[in-house]
Amino acid sequence: MTISTGDVVHAAPRTPAPWPHQVGRIPPRAGSFQDRAEAVRLAAVLEGGGTAVVGPAGGVRAGGVLTGLGGVGKTQLAADYARTAWGAGELDVLVWITAAGTEAVVAGYAQAGAELLGAEPEVAAQAFLAWLEPKPEGRPCRWLVVLDDVADPDDLRGWWPPQSPHGRTLVTTRRRDAALAGAGRRLVEVGLFTGDESLAYLAAALAAHGRQEPEDELRSLATDLGNLPLALSQAAAYLIDAGLSCVAYRALLADSAGPLADTASTPLPDDQTHAVSAAWTLSVERANALQPVGLAAPMLSLAAFLDPNGIPEPVLTSAPALTHLALTRGLPAPGRRRWWWPRRRRSAAAVTQAEAVAALRVLHRLGLITHDPDTAHQAVRVHQLVQWAVRDTLDRTGHGRTAHTAADALLAAWPDIEYDTALARALRANTTILTNHASDTLHQPAAHKVLFCAGHSLGDSGQAAAARDYFQHMVDTTTHRHGPAHPDALAARHNLASWRGQAGDAVGAAAAFEELLADQLRVFGPDNPDTLTARHNLAFWRGEAGDVAGAVAALEGLLADRLRVLGPDHPQTLTARSNLAYWRGEAGDVVGAVAAFEELLADRLRVLGPDHPDTLTTRHNLASNRGAAGDAAGAVAAFEELLADQLRVSGPDHPDTLTARNELARWRGEAGDVVGAAAAFEELLADQLRVLGPDHPDTLTTRHSLAACRGEMGDAAGAVAALEGPLADRLRVLGPDHPQTLTARSNLAYWRGEAGDVAGAVAAFEELLADRLRVLGPDHPDTLTTRHDLAHWQGETGDVAGADDE
C-alpha cells in the first residue's frame, strides 16, 4: 500500500452542547457599574439583530460598532449588554472573544464550533461562521458574538459574523477606521462620563463601603480626573483603601500632577490630563506601601511592557521576574519624578513566587490590574492607559532593563516543547506587544533570544509561511541596525531560509543558503560551526529540491570537514552521518542506508546513551529504511519497540512520540494490516488535533494517510470524498505550490481513477504535471512520478500513444 501526505476521515465527533450555551468568559462586572445613555443606544442598535461597533466619539458612522477612547468603559458596556441579554433569556448562544488579533478570533470561533457543533478542530472556525448564517428551515438560533478590544480592523477581514435577523454582533475598539463601517454595521460612540454619571459612580462606590463625601467635592474630583471612568474607579479604590477624605486626595493629586507635567516625555494618550496620570501614580504608591512592601511598583512596571489583554501568570512569577522584583524592591514608585533605576545593587533579599502573587493581588485590590488566576494563560490584564503611564515614568535605563527583564521572563516561561498551543499563542502575543514597545532595546547589544523563539514557535505551530514572513522582517531589522555581516543578521537569514523551505519553496531555500554560505565563509571562515551548519542545510534543501545526488555529494564533503574540525564523536559529526545515510536511501541505496544507520546507532549508543533524542531518532530512521528495503514486518517490530521507549522518555504528547506513532501505523498498513493502520491513524489524529492543532503539517499528513487507508480497504469513492474537502485546507494553509499540496492533488487524482473516473484522473494528472514542471522542474522525482502516473491512466483510457509519449 502507498501512503503519502494528504487528508481526512474524521475521528468520532463530540456531542454538540445543548442550548442555551455560552462560549468564553464575560469580564466581571465593575464595582458600582453605572447605567449610561450609551447602554440605551447600544440596545436600540442591536434590537432585531445586526452588528454594533462600539468606539470613540468622532469616528465614522455606520451600522453598529462600540468605539471609544481608552478607559471610557467600552468593555464594561459590552459585558453589561451581554450579561443582561443572557439573563433575560433573549439568547440561545453567547460567544465572548478577546479579539487581540486574527489568531485569537479564529481560536475563539473554533472553540465555539467544537462546543456547539461537535465540529472537528480543523474546520470548526469556518463551520461556526457558516452555522451562524440564517437558515430557512429549522429552529432559529438567537445568538450574540462579542469581539472585544479589536486592535486592527484588518484582523477581522474574512471573519466578520454574518448578518442575521436572529443574530447580533458586538465589537469594541479604540479605532475609528472607515473599514469598520461595513454593510449593516452601526457605530455606537462612547465618551466620558457626564458630570452626573461621575457623581453617581463615586457616591455609590464609597457608599458600598460605608463612606460618604460632600457632593461638591466629588464633582470637583470628577472634574480633576476629566470624568474618565477608569481614573474614577482607581480614585475610588484609593479613597476606600487608604481611608482618605476627598479633600485630602485632591490635594495629593494637585501635588503630583505638577511634577508629572514637568517630567512627562510624551503627550498623554487620548488627550488625558496629568491629573489622570497622577491618580494612577498615587494608586501605585499606595500599593507599593502595602504588604509585600515595595513589590507592587516593579511588578506593574514589568506588566506594562506585556499584553494588556492577558499575561500568563508564570511569566510574572518566573526566575527573571523574581530577580527584577528583588533588585527594584523599595525603589520610589513611579510618580513625582522620573523613576530611576539602580546602577548597582550590592545585595537583594530574594523574592518568592508567593510574594510575587501577593503583589499582583495588591495591584488588583487598588484597581491597577485585573488578576484572575482561573483564566488560563491570561491571568493578568492591565489597561493600556495604565501601562502607558507606568512606562512613561521610567528613565532610559529603567525602560531598557525592564524590557529586557520582560523578554527574559517570557523566555523562562516558554516550554521547550509546546504541548499547550493556547499558552504558546499567549506567549507569542506578549512577545509582539513587548517588541512594539521596545524594539530598539531588544536588539541591543544583540537580538534577544525571545525574538528567535517567537518566530520558531509560529512555525512549529504549523504556520510555516507566517514564520517565513516573521524572519524576513527580522532580517530587514537586523540588517538595518547592524549591517548584513552582523551575526544577528546572518542568524536571521539562516532562519528565513529554513522556514522558506518549510513553507514549500525548497529551491528558494537552497538558493538562500547558497548566498548565506558565501557570506559566512567570508565573515566566519570555513571551519566555523555556523558555516558548517549552513553547508549542512544547503545540502538538505538541495535534496528536497530534487538534487538528491548533489545532496549526497555535499554531505560527504561536509562529513569529512566535520571529522577533521570536530572529531568523530561530536554531535554535529554524528548528525552529518545521519543525514548522509538518509539521502543515500533517497537516492536508491536503501541497503547502504540501513548499514550506515546501523553503524551510526552503535556510535550514538556509545556516545550519547540509549535515551538521548538523537539515539531515538537514529532508531526511527533505521526502522523506516528497513521497511523501505522490503522488511515491512521488521519495521513494525522496530517501531513498536521505539514507541515504548519514546513514551517512557518523552511522554505521549511529544512530537517525536506522535511521529513514531505515525510511522508505526504506516508500516502496519504496508505490512498488510490496513484496518489496524486506519484505527491507529484515527487515534493519532485525535491526539494531533489536541496537541498540534488542525493546521499543523503533521496533522494534515495524518488526515491524508487515514483517507488513503479508506481507499486501500476497498472504498475508493470514500477515499475521494475524504480527500476532496480537506484539499482546501492544504491550499489555505500551505498554498497551491507547496509539495504537500501537490502530493494531495496526486493522491486525489489516483483515487479518482480507482473509483472509476479515469478521464477525471487523466485531466487531474495533466494539470498536476504542468504545475510540478513549473514548481519543481522536469527532473525532480515527484515530477517524474507524475509523468508515470499520467501515462498509466492514459493507458487505462486506451490512449496508448499518449501513454507511450509519457
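Residues numbered from 1 in each chain as written. Predicted model: local features only at pLDDT ≥ 70, side-chain atom pairs only at ≥ 80, totals over all residues. Heavy atoms only, no water.

**Digging into unusual backbone geometry**
Alright, step 1. That bond from Trp19 to Pro20 is cis: its omega, -10°, falls within 30 degrees of zero.
Alright, step 2. Backbone torsion omega between Gln291 and Pro292 reads -5°, so that peptide bond is classified as cis.
Alright, step 3. Its place among the elements puts Pro292 in the loop between helix H9 (274–289) and helix H10 (296–303).
Alright, step 4. For Asp149, which is not a glycine, the phi torsion comes out positive at approximately 60°.
Alright, step 5. Along the chain, the position of Asp149 falls in strand E5 (residues 143–150).
Alright, step 6. Owing to a relative accessible area of 16%, Asp149 belongs among the buried residues under this scheme.
Alright, step 7. Unusually for a residue other than glycine, His377 sits at a positive phi of about 70°.
Alright, step 8. Along the chain, His377 falls in the loop between strand E8 (370–371) and strand E9 (380–381). (Helix = DSSP H or I, 4+ residues; strand = E, 2+ residues; numbered from the N terminus. Buried < 20%, exposed > 50% of the residue type's maximum accessible area, 1.4 Å probe, protein only.)

**Some thoughts on the layout of surface pockets**
One way to see where empty space is left: roll a probe the size of a water molecule over the atoms.
Alright, step 1. In this model, the second largest pocket occupies a volume close to 220 Å³.
Alright, step 2. Taken together, 15 residues line the second largest pocket, and the ones lying closest to its centre are Glu133, Lys135, Arg139, Pro140 and Cys141. (1 Å grid on protein atoms, 1.4 Å probe; cavity = no way out; pocket = protein on both sides within 12 Å on 5 of 7 lines; lining within 4 Å. Points joined across faces, edges and corners; volume = space filled by probe spheres on them.)

**Some remarks on the nonpolar core**
Alright, step 1. Within the largest apolar cluster, 86 residues are counted, with the highest numbers of intra-cluster contacts made by Leu221, Tyr249, Leu300 and Leu434.
Alright, step 2. Considering each element in turn, this core owes the most residues, seven residues, to helix H7 (residues 229–242).
Alright, step 3. Excluding residues within four positions of it along the chain, Leu434 makes contact with Phe305, Leu306, Ala403, Ala406, Ala407, Leu410 and Leu442.
Alright, step 4. The next biggest cluster of nonpolar side chains, apart from the first, holds 25 residues, and it includes Ala99, Val105, Ala119 and Val145. (Core = buried A, V, L, I, M, F, W, Y, C linked by side-chain atoms within 4.5 Å. Contact = heavy atoms within 4.5 Å.)

**So, the packing of helix H29 (residues 697–712) against helix H31 (residues 739–754)**
Alright, step 1. Orientation of H29 relative to H31, taken along the N-to-C sense of each, is 10°, at an axis distance of 11 Å. The orientation of H29 with respect to H31, classified from their angle, is roughly parallel. In contact with Pro697, Thr701, His704, Ala708, Gly711 and Glu712 of H29, H31 contributes Gln740, Asn747 and Trp751.
Alright, step 2. For the contact of H29 with H31, a count of residues per class yields three nonpolar, five polar and one charged. (Axes fitted to C-alpha atoms, helices over the stretch in contact; angles between N-to-C directions. Parallel < 35°, antiparallel > 145°, perpendicular 65-115°, else oblique. Nonpolar A, V, L, I, M, F, W, Y, C, P; charged D, E, K, R; others polar.)

**Some thoughts on the packing of helix H23 (residues 571–586) against helix H24 (residues 590–607)**
Relative orientation and spacing of two packed helices are given, respectively, by the angle between their axes and the distance between those axes.
Alright, step 1. Between H23 and H24, the least distance of the axes is 7 Å, while the angle of their chain directions is 160°. Considering their axes alone, H23 and H24 lie roughly antiparallel with respect to each other. Here H23 runs over H24; the crossing is left-handed. Together, Pro571, Leu574, Thr575, Arg577, Ser578, Ala581, Tyr582 and Gly585 of H23 and Val590, Ala593, Ala596, Phe597, Glu599, Leu600, Asp603 and Arg604 of H24 make up the contact between the two elements. (Left-handed = near helix turned anticlockwise from the far one by under 90°.)

**Considerations on the packing of aromatic side chains**
Alright, step 1. This structure, assessed with the given rule, holds twelve aromatic pairs.
Alright, step 2. By the ring-pair criterion, three or more aromatic residues cluster together here, those being Trp19, Tyr109, Phe128, Trp131 and Trp159. (Phe/Tyr/Trp six-rings, centres within 6.5 Å; stacked < 30°, edge-to-face > 60°.)

**Things to note about the side chain of Thr393**
Alright, step 1. Mapped onto the elements, Thr393 comes out in the loop between helix H14 (384–392) and helix H15 (396–413).
Alright, step 2. Within the structure, the side chain of Thr393 is placed 2.7 Å from the backbone oxygen of Val390, a separation counted as a polar contact. (Polar contact = N/O pair within 3.5 Å; in protein donor to acceptor, adjacent residues only side chain to side chain.)

**A few points about the pairing of E5**
Alright, step 1. E5 sits mainly inside the fold: eight of its eight residues count as buried.
Alright, step 2. Pairing of strand E4 (residues 93–98) with E5 involves six bridges; the strand directions are parallel. In the sheet register, Trp96 faces E5, and the bridge partner there is Val146.
Alright, step 3. Relative to strand E6 (residues 167–173), E5 is paired through six bridges, and the arrangement is parallel. Within E6, the residue paired with Leu144 across the bridge is Arg168. (Pairing = 2+ DSSP bridges.)

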